2 protein chains.
Amino acid sequence: MDSAYGVPRELSGLQKQRALYQPGLPPCLQDTTVRVEFGDATTSADPAGAHVISQYFPRTYGQPLAHFLRAKAKVPDAQIITEHPAIRVGVVFSGRQSPGGHNVIWGLYDAIKSHNHNSTLLGFVGGTEGLFAQKTLEITDDILSTYKNQGGYDLLGRTKDQIRTTEQVNAAMAACQALKLDGLVILGGVTSNMDAAHLAETFAESKCPTKVVGVPVTLNGDLKNQFVETNVGFDTICKVNSQLIGNVCTDALSAEKYYYFIRLMGRKASHVALECALQSQSNMVILGEEVAASKLTIFDITKQICDAVQARAEKDKYHGVILIPEGLVESVPELYALIQEIHGLHLQGVSAENIPSQLSPWAAALFEFLPPFIRNQLLLHPESDDSAQLSQIETEKLLAQLVETEMNKQLKEGTYKGKKFNAICHFFGYQARGSLPSKFDCDYAYVLGHVSYHTLAAGLNGYMATITNLKNPMNKWRCGAAPITAMMSVKRWSHGPAASLIGKPALHPATIDLKGKAYELLRQNASSLLMDDVYSNTGPLQFDGPGADAKAITLCVEDQDYMGQIKLLQEYLDKVKSIVKPGCSQDVLKAALSAMASVTDVLAVMASPSSSGQPPF
Amino acid sequence: MDSAYGVPRELSGLQKQRALYQPGLPPCLQDTTVRVEFGDATTSADPAGAHVISQYFPRTYGQPLAHFLRAKAKVPDAQIITEHPAIRVGVVFSGRQSPGGHNVIWGLYDAIKSHNHNSTLLGFVGGTEGLFAQKTLEITDDILSTYKNQGGYDLLGRTKDQIRTTEQVNAAMAACQALKLDGLVILGGVTSNMDAAHLAETFAESKCPTKVVGVPVTLNGDLKNQFVETNVGFDTICKVNSQLIGNVCTDALSAEKYYYFIRLMGRKASHVALECALQSQSNMVILGEEVAASKLTIFDITKQICDAVQARAEKDKYHGVILIPEGLVESVPELYALIQEIHGLHLQGVSAENIPSQLSPWAAALFEFLPPFIRNQLLLHPESDDSAQLSQIETEKLLAQLVETEMNKQLKEGTYKGKKFNAICHFFGYQARGSLPSKFDCDYAYVLGHVSYHTLAAGLNGYMATITNLKNPMNKWRCGAAPITAMMSVKRWSHGPAASLIGKPALHPATIDLKGKAYELLRQNASSLLMDDVYSNTGPLQFDGPGADAKAITLCVEDQDYMGQIKLLQEYLDKVKSIVKPGCSQDVLKAALSAMASVTDVLAVMASPSSSGQPPF
């Protein structure tokens, strides 16, 4: 298997040109020496879970945030790392392939080598299974040359995104020890970074000197929190999908006779669907988060689409484009309950053929109602993270079929007087995932590679490499590292197999914030999008000219500069301190005391466990 | 309906940039005056059918070829068209939308206006139905501005690709007369251009002064013959599909666990699949023409794929990418026979639900064997050209399912010892059809628009606008017009509903030439493609830099310069004439006589009806 990796390969003309592109670095990483500023010890976004998290992660919970600054930056408490002994680092593709992954390795390699040419970067071939089996490939300039700025994970390959069982964790530790690794960098999404956190804690407990760093690389865009604004690959996936959706919109407008139901890859959350809806300005998008929040049944959703078809027919429009996130099926309450029952039976070892006969009467009735193709897809074995095989469940076909049946019925009854409803279904997934990464993803991934190195050089363990302020030009990007434990929360209820996670700390996929600005933007334009066909054809991904430097709309509309705001707060506090110094007037002191007492009271109440809600999923 | 067309619209950044691109013109069309050279009267590529064609098309058969030359070109018999009275021209999108269609209208408009600013171009809105209903939109600079170099047919829209029934033809004639059109330009593929030929003959017979010109615009690339090298849209479709296939290949190589079955739009012939296979270098492509020529059954094809899976497993490879043309289902003999029976019953007015019970025992048995999803798709009503609704029949799923069943059986029996076979299915159609056109298609379409004008200005009726020598740079392109009758042939046998065409002249979709160079290229590399994963990721369509000026491989490898070769032959004949002049020696005359007698004998035999075979379909 090893022989297939790292072999030089023939590139197409465009790939060759892309391989020559050199991403830049933000000012803080441009010097050979970098200053590390440590912030306060972190807490968790889930105050109620903080105690539990600290119990599960005694060695890696509560570590401080780290910011990387220019060596000459005037920050009193920062430490300059001047020693760069030769180190040995391993890197592994753990999560599903996502455009830009190769650039993380390239950035990491460049950072390692520029600080000490005797350092070594080992890539594990064949993903996590290569890690367990200690199969490595030493990364060199030569090997990297045809993978720079290229899509896929084929430089090293990947297998399963799981380093979880005791056996797997032990094998990973044995590999790190046998290969004398100072650091292990794990690329992946929610699951992989959670595994990284566990590994870090275990290594610390077992006195294994290898430091573990996670990198947020997932096209789903669902590894989002105060520290992580977006993930490597999300930008590319949304641009490529929007290209295709834009083409379908153009097609719809030309022939004016089909409704296109397009399902988009992106797992449980609907980030990809939301971004694509904003970019392509399709007529509708059914967000899983909206469905879950409003507890819409499959019939409610069908009715919503039928009403849209009816309204458009009254304007003599018989075409439309409807986006559906692949996770929708798990957001529809009754389908979710059915899937949970099926997975429970899988766990008990019941074979797929026998599952239907063992469902509860209610679930069995729903199962029988569904068309055969969907039944077979629901019976598929769950994924390694216990979720349904979303890429295999054709929710778009189910909806198209239900809408068609309903519209035909209304046509017969005379309540719908338009032309016959015709649907065409698409699933956009794999054809976007292997794309050449966008310029943003090339840059973001490359810089994250550098940040991973500095995180290891600072001796940090159980951290995720982070860059914030991404919507601004690269010279404003803030680089840092955050303890993964600070991103965890504790679920207090759950159904089915996921129940095993109750009461345990975990990273959870971020869902769309229904109070956020991106969602607000969609809602504001919803009726115009639905009725006016203001489609936008963003065109194929370009690397120069208009659109080449565009960033995701959802990234740009949110006020995401969390670290910038924390800094701003610190400035306010410092200002108060400098005004209210011994010698200031009584009045000033009194006013300050009264104001600050009120502020602290408000914040204490807000930050108390009881006031913080559960995430909707 | 009218109100929706010609409205200025908001373009994306890339679309705006593309709208500014100005295609060039070949030297022959750069001056305001153009010389027309008429060649000999044309014959038909189907000598056996020539007589029948001339009977059906007495007024438009046997017309000469026309070549457009620079005004100062030194050709003795050419006529210069100096008079350019104001004319009124109508244009209609008849075939299915194909990237570049808008540029034909733009080119036509520019040519019309540059020769006489008082001329008028009317676009029929809503396609052929707009033609019948005389719904028009006068094309202006303003209206064109946001449609230049853009995909889709939304400037005017389209409905059905059929101007065929007496009622339709009369409506079209009434429209041309009422609107006082000097010319009608019809954009479309095989069916639409055949309709154009019928219309031209009918107009001539009825003394309707409107001249009819067809333009080869179809993504299928199947309107190919001595005069037509490729069609507007084919280049774009193949590039966009190859982008997506390339991405899937990258994905396959990264995860190494799936076989991807990708069905490609392109109707009966496999041109799109062949071109995409050459561009993306996927592992396999199942060409309909190969299957038909070898009379492979669905089981033969399944076995061929299973053998490939087996061979790759022995090299420890468990992934692959297999391309399938959407027309494959009509190339498999037993499925074709079943479809013909179903269509025959449709024609008799049998409803879809009742068709299965009325099938012959043999067809019923095959029907029952097929999975339910395919059964329902086969029962769909045929298209306007009597073919199956190929875009709706999921042949890729049928094959994936049959291969999976077979591999599971072999796994159980121990004859296959590899990992479990996993398939993922895709259909790439609508997402490519609405794409921004490639530079080649922008140029080709724009120049064809100009050529259409000159064809009308030369007073020609029943011609198709043509450009040859396309694989060379634009300054070598040859522009002309060929009588559509010269491209027809007469079928002497056929099954099912198509039997109504027996003995009648028609344009037929060109199939892949299994003796041609493009096919040879594929065959030469087949075993390396199958086993070595030499995938090529051509990347997203670019308008600058590497790949922007690439042309289709199938266009470039063939020696297609038919008109150039005819010219070369004429030069030989002229040379002989100039050598063998009165006064030359007896010996020279004798040698010339003997040689030319032999040449004419050979050619007479070759061109006789009996020696020319039927096209394979």
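Read on for an overview of the structure. (Residues numbered from 1 in each chain as written. Chains lettered and ligands numbered in written order. Predicted model: local features only at pLDDT ≥ 70, side-chain atom pairs only at ≥ 80, totals over all residues. Heavy atoms only, no water.)

## Re the overall build of chain A
Turning to step 1, where the next piece is worked out: The secondary structure content of chain A amounts to 23 helices and 16 strands.
Turning to step 2, where the next piece is worked out: Over its C-alpha atoms chain A spans a radius of gyration of 26 Å, differing by no more than 12% from the 25 Å that the globule rule assigns to 617 residues.
Turning to step 3, where the next piece is worked out: Relative to its 617 residues, chain A shows a buried fraction of 59%.
Turning to step 4, where the next piece is worked out: Once local pairs closer than 6 in sequence are excluded, the contacts in chain A between residues at least 24 apart make up 80%.
Turning to step 5, where the next piece is worked out: For chain A, the accessible area works out to roughly 24000 Å², and carbon and sulfur atoms hold 55% of it. (Helix = DSSP H or I, 4+ residues; strand = E, 2+ residues; numbered from the N terminus. Rg over C-alpha atoms; globule rule 2.2 N^0.38 Å. Buried < 20%, exposed > 50% of the residue type's maximum accessible area, 1.4 Å probe, protein only. Contact = heavy atoms within 4.5 Å. Areas by Shrake-Rupley, 256 points an atom, 1.4 Å probe, with all protein chains shown as cover.)

## Observations concerning the relation of the copies chain A and chain B
Turning to step 1, where the next piece is worked out: Superposing chain A onto chain B takes a rotation of 180° plus a shift of 0.0 Å along the axis, which leaves an RMSD of 0.2 Å. Both copies of the chain, as the preceding transformation shows, are related through a two-fold rotation axis. When C-alpha positions in chain A are compared against the rotation axis, the closest is assigned to A:Pro540, at 2.7 Å.
Turning to step 2, where the next piece is worked out: Residue by residue, 98% of the interface of chain A is reproduced at the interface of chain B, so both copies engage with the same surface. (Least-squares fit on C-alpha atoms with pLDDT ≥ 70 in both.)

## Brief notes about the sheet that holds strand β8 (residues 211-216) of chain B
Residue and element names in this part refer to chain B.
Turning to step 1, where the next piece is worked out: Taken in spatial order, the 10 strands line up as β3-β1-β2-β14-β13-β8-β7-β4-β5-β6 in an open sheet, and their pairing is mixed. Unpaired on one side and paired on the other, β3 (79-81) and β6 (136-138) mark the two borders of the sheet. When the angles between neighbouring strand axes are averaged without regard to direction, this sheet yields 30°.
Turning to step 2, where the next piece is worked out: Here three bridges tie strand β2 (residues 64-70) to strand β14 (residues 478-483), and the two strands are oriented antiparallel to one another. Among the inter-strand pairings, histidine 67 is bridged to a residue of β14, identified as glycine 480. (Pairing = 2+ DSSP bridges. Axes fitted to C-alpha atoms, helices over the stretch in contact; angles between N-to-C directions.)

## Digging into the layout of surface pockets
All names here are of chain B.
Turning to step 1, where the next piece is worked out: Volume-wise, the second largest pocket comes out at about 770 Å³.
Turning to step 2, where the next piece is worked out: What lines the second largest pocket is a set of 27 residues, and nearest its centre among them are Gly39, Asp40, His67, Ile566 and Gln570.
Turning to step 3, where the next piece is worked out: For the lining of the second largest pocket, the elements supplying multiple residues, two or more each, are β1 (34-41), β2 and α22 (562-579).
Turning to step 4, where the next piece is worked out: In terms of residue count, the dominant contributor to the lining of the second largest pocket is α22 (10 residues).
Turning to step 5, where the next piece is worked out: Taken together, the residues of the lining of the second largest pocket break down into 13 nonpolar, seven polar and seven charged. (1 Å grid on protein atoms, 1.4 Å probe; cavity = no way out; pocket = protein on both sides within 12 Å on 5 of 7 lines; lining within 4 Å. Points joined across faces, edges and corners; volume = space filled by probe spheres on them. Nonpolar A, V, L, I, M, F, W, Y, C, P; charged D, E, K, R; others polar.)

## A word on a nonpolar patch on the surface
All names here are of chain A.
Turning to step 1, where the next piece is worked out: Together, Leu568, Leu569, Tyr572, Leu573, Val576, Met596, Val599, Val602, Leu603 and Met606 make up a nonpolar patch on the protein surface, roughly 900 Å² of accessible area in all.
Turning to step 2, where the next piece is worked out: Where the nonpolar patch is concerned, the elements lending two or more residues are α22 (562-579) and α23 (586-607).
Turning to step 3, where the next piece is worked out: Turning to its location among the elements, leucine 569 is positioned in helix α22. (Patch = residues over 30% accessible without salt bridge, like charges linked within 9 Å, V, L, I, M, F, W, Y side chains within 5 Å. Salt bridge = Lys/Arg side-chain N within 4 Å of Asp/Glu carboxyl O.)

## Some points on the pairing of strand β5 (residues 120-124) of chain A
All names here are of chain A.
Turning to step 1, where the next piece is worked out: Of all the five residues making up β5, five are buried; the element is thus mostly covered by neighbouring parts of the structure.
Turning to step 2, where the next piece is worked out: With burial as the criterion, each face of β5 is covered, one bearing Thr120, Leu122 and Phe124 and the other bearing Leu121 and Gly123.
Turning to step 3, where the next piece is worked out: Of the strand pairs in this sheet, strand β4 (residues 88-93) and β5 are connected by four bridges, and their pairing is parallel. Opposite arginine 88, over in β5, you have threonine 120 as the bridge partner.
Turning to step 4, where the next piece is worked out: Note that the unit made of β4, helix α3 (residues 101-115) and β5 has a crossover that is right-handed. (Right-handed = clockwise from strand over helix to strand, strands pointing away.)

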